[in-house]
Amino acid sequence: MKKLFLFVFFVHLNNLFAQQLDPAIESKVNALIDQMTIEEKIGQMNQYNGFWNVTGPTPKEGDAAEKFQNLASGLVGSMLNVRGVEEVREVQKIAVEQTRLGIPLIIGFDLIHGYKTVSPIPLAESASWDLESIKRSAELAAKEAAAAGINWTFAPMVDITRDARWGRVMEGAGEDPFLGSQIAIARVKGFQGEDLSLPGTIAACAKHFAGYGFAEAGRDYNTVDIGLNTLHNMVLPPFKAAADAGVRTFMNSFNDLNGIPSTADRYLQRDILKKDWNFNGFVVSDWGSIREMIDHGYAKDRKHAGELALKGGSDMDMESLIYIEHLKSLLEEGKVKVSEINDAVRRILRVKFELGLFEDPYRYCNETREQLVTGSKEIVEGALDMAKKSIVLLKNHDKLLPLKKKDQKIALIGPLAADKNSPLGNWRIAAENESAISLLEGMKNYKGNELIYEQGVRLINKIPAGFHEEVDINEDDYSGIEAAVRAAENSDIVIMVLGEYGFQSGEGRSRAHIDLPGLQQDLLEAVYEVNKNIVLVLMNGRPLILNWADEHIPAILESWHLGSQSGHAIAQVLYGDYNPSGKLPMSFPRSEGQLPIYYNQKSTGRPGANGGDNGSVFWSHYGDEKNSPLYPFGFGLSYTTFSYSDIQLSNDIMNDGEDIIASVIVKNTGNKTGKEVVQLYLKDHYASAVRPTRELKGFELVELKPGESKKIEFKINRQLLSFYNALGVWEAEKGDFTVFIGTDSNTKRKASFVLN
Ligand code: NOJ
């Protein structure tokens, strides 16, 4: 008995330690909960959209008056889409001064890629593979948003995404769980800093838990059906990494996962997240996702949906308005327990205490700070720095780039060349419209050349009102092509700026055809007829199909949607003032038929000889398309070149308790200083469950001067070799492994070892 007690005590202490609960905060939370009525508790679990902006289906007319009243009655724990010190103070004042207990609101916002100063879309930032810069970018975004009254961001989105048809690939870190995990950690740490109660830090939110990125056929909100193997090995690792990095909140997802809407998924939210991972922050539903369980055909009515959501581990109701409507009667009817409500409230209050909101509810409401910080030099320079690092050079035949700085006649052509909106990307609710530096503006800083601009074709017919409107693409007005062709004819070099309008990727923006939209391909081909010296600058939120361009256009630069400083960043790269170093975080397909396409596919029983024809049709392939992507994961060029030595392994057997060091010498063999992302992949040859053909397990960003070389070392240990196996255990299995180190996921340089 004594032994058991000691054991329980130890486990308890251990959990307390692992969760890093602050006993002082815990006792304040408990004391407050003791004073709360059931209505007040349920109020804490209710999150309202603000009265000014909307990021989901539009609420009903007349909602606002009722919401204000509920706010004053202590029936609201959080608001989203309230921003700016004035607005935040207004609602916070009601919560603090008019409610019985004066519990402050936590103010949530989609700070996805910057606030007023817009940083590159997350997919673009991920292309930098530069964890310090990504962390810094989140830090600066948090600083600017916190100065505007916000204390909680609904980011990072850590969904693994393999299907470029899904519009939200722009919001994540791409297809790889290892890269995704590292980026999740960087972003969580950037937003939250070391101390959540400091003025420039805010709570982060890992979303969408879980599987949302695997929406069938890339159609947003669609069903997700994946096995436990994919769930644990591919989907969950970045969430786990975020939880281990101390992320304070999670958001669940709209999709059902193997038949259960995530919002009510006990296995995910209670067993894995809150129990196995010891997560002690809170889970917010996605916008209306509790109510949507009725449409899923999972809940019979609103009340039933509320019951299922709470039982499933959803602590806060975003905009379904179901918890405040039904939780009390569900409790009275014995359908939910007071302990379940208390647990949710405890989690929410804990985060509010950690943010320092009880000490000073107006901690984030300082007008002077707001003025000083918004758009400050530090933040703008940070956005520019991140933007340059996010650009990927996809092709540079005959060193067409960088451009010469003098005596050139340059034609800048394309619907996105002067666009000051699209570079802002999708999540820019707080930014001024038309506030990005266009490439035309960026190019004008370089005065040694003659610059002519022609739009060529319009991409859209009218500017969408914002978040809610479908983008109307121009499909029939060719009238500008002739002038563009004339401009190209008379120029030494043509820069074509093509891609997606800013709102063409993002939530609700799935596309079945992911080529250049509208008449852009016609424009490109018409210009090519008269001048082949073309640099194609792409602005887009997802991988596009670029076969024709890859075959014909000598230089291609992937610039994504780079945010406020887009034009400066691209111009500096085009002119060689910044040597591009980005690498693709997602494979670029050759056709939609290949989707989903990703490098870390599992081995099939019919791989074909060397991934190619083995003399018959009976191998895993298409009769009309290659298996390989156009540009693979991890791919990106530089204005310099790098050579790699063979791989050295410190041992070719890994015994218990031992590590292996894998090393290569990387040399800058060109004549410009440049950065290379040295990538380590591992292949586990046979296991109790089929393993991917290779998996990223390490990378290092190294800067080298011309002629300089550096030894890059990777430590391989059991943890790195572990996976969710056939027994549902996370462990390494004995056997043969191959190590690949190189410049992208196709690298052939290899060595092997045995795990004993
Ligand atoms: C719905 C989106 O799925 C989610 O990511 C976002 O945070 C919420 N809307 C709030 O805007």
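As the structure is a computational prediction, the values presented were derived from the model and not from experiment.

Student: Sorry if this is basic, but what is going on with the domain arrangement of the protein here?
Tutor: How big an interface is tends to be stated in terms of accessible area lost as the parts join. Taken as a whole, the protein is organised into domain 1 (3–8 + 29–51 + 62–364), domain 2 (385–574), domain 3 (590–628) and domain 4 (640–755). Across the contact, 36 residues belong to domain 1 and 33 residues belong to domain 2. Contact between domain 1 and domain 2 buries roughly 2,500 Å² in total, counting both sides, with carbon and sulfur atoms accounting for 62%. Here domain 1 and domain 2 share three salt bridges between them. Glutamate 432 serves as the salt-bridge partner of lysine 116, at 3.5 Å between the closest nitrogen and oxygen. Those elements that place two or more of their residues in the side of domain 1 that touches domain 2 are α6 (122–126) and α7 (131–146). Tallied by class, the residues present in the side of domain 1 that touches domain 2 amount to 17 nonpolar, nine polar and 10 charged.

Student: Is there a simple way to think about the site of the ligand in this case?
Tutor: Of all residues adjacent to the ligand, which total 13 residues, the nearest are Thr55, Asp110, Arg168, His208 and Asp286. The side chain of lysine 207 places a nitrogen or oxygen atom 2.7 Å from an oxygen atom of the ligand. Aspartate 286 places a polar side-chain atom, nitrogen or oxygen, 2.5 Å from an oxygen atom of the ligand. Protein burial of the ligand: of its 290 Å² of free accessible surface, 100% is covered by the chains. Here the shell around the ligand is composed, by residue class, of six nonpolar, two polar and five charged.

Student: Looking at this model, I keep getting lost on the confidence of the model for the protein. Mind explaining?
Tutor: Detailed conclusions should not be drawn from predicted coordinates in areas where pLDDT is low. For the protein, mean pLDDT is 95; residues scoring 70 or higher make up 96% of the total. Contacts of residues 1–18 to residues separated by more than four positions or lying in other chains number three contacts, the stretch itself having pLDDT below 50.

Student: What exactly am I supposed to notice about helix α2 (residues 23–35) here?
Tutor: Side chains of residues three or four places apart in an α-helix project in the same direction, reflecting 3.6 residues per turn. With 13 residues, α2 extends 19 Å between its outermost C-alpha atoms, agreeing within 8% with the 18 Å of an ideal straight helix rising 1.5 Å per residue. Contacts made by the buried residues of α2 are with α3 (38–44) and α14 (338–354). By the N-cap criterion, in which a side-chain oxygen at the helix start approaches the backbone nitrogen of a residue two or three places on, α2 is capped by aspartate 22, the distance to alanine 24 being 2.9 Å.

Student: Even after reading the chapter, I still don't get the sheet that holds strand β2 (residues 78–80), so can you show me in this structure?
Tutor: Two orientations exist for strands paired in a sheet by backbone hydrogen bonds: parallel and antiparallel. Strands sit in the order β4-β3-β2-β1-β10 across an open sheet of five strands; the sheet is parallel. Where the open sheet ends on each side, the last strands, each with one partner, are β4 (152–153) and β10 (317–318). Two elements, β2 and strand β3 (residues 106–109), share three bridges in a ladder whose sense is parallel. Each residue of the ladder has a partner; that of methionine 79, found in β3, is isoleucine 107.

Parameters at a glance
- Sequence order sets the numbering: in each chain, residues are counted from 1 along the sequence as written.
- Where local features are concerned, this predicted model is filtered to residues with pLDDT of at least 70; where side-chain atom pairs are given and counted, the filter is 80 or more; whole-chain, interface and lining totals use all residues.
- Water and hydrogen atoms were dropped before computing side-chain values, which therefore reflect all heavy atoms in the structure.
- The start and end points of each domain follow an automatic or database-based domain assignment.
- We call two residues in contact whenever any of their non-hydrogen atoms come within 4.5 Å of each other.
- Note on terms: buried area is the combined drop in 1.4 Å-probe accessible area of two parts once they are placed together, counting the loss on both.
- Salt bridges are defined by distance alone: a side-chain nitrogen of Lys or Arg within 4 Å of a carboxyl oxygen of Asp or Glu.
- Secondary structure counts use DSSP, requiring at least four H or I residues in a row for a helix and at least two E residues in a row for a strand, with both numbered from the N terminus.
- All residues other than Ala, Val, Leu, Ile, Met, Phe, Trp, Tyr, Cys, Pro, Asp, Glu, Lys and Arg, Gly among them, are scored as polar; the first ten of these are nonpolar and the last four charged.
- Here, proximity means that at least one heavy atom of the residue falls within 4 Å of the molecule or strand.
- What qualifies as a polar contact is a pair of N or O atoms within 3.5 Å, subject to a donor-acceptor requirement within protein and to the restriction that residues adjacent in sequence count only when both atoms come from side chains.
- Computed with a 1.4 Å probe, the accessible areas rest on the Shrake-Rupley method; for each residue, only the protein chains presented here act as cover.
- The score called pLDDT rates the predictor's confidence residue by residue, from a low of 0 to a high of 100.
- By this rule, a helix spans an expected 1.5 Å times one less than how many residues it contains.
- Two strands are said to pair when DSSP picks up at least two bridges between them.

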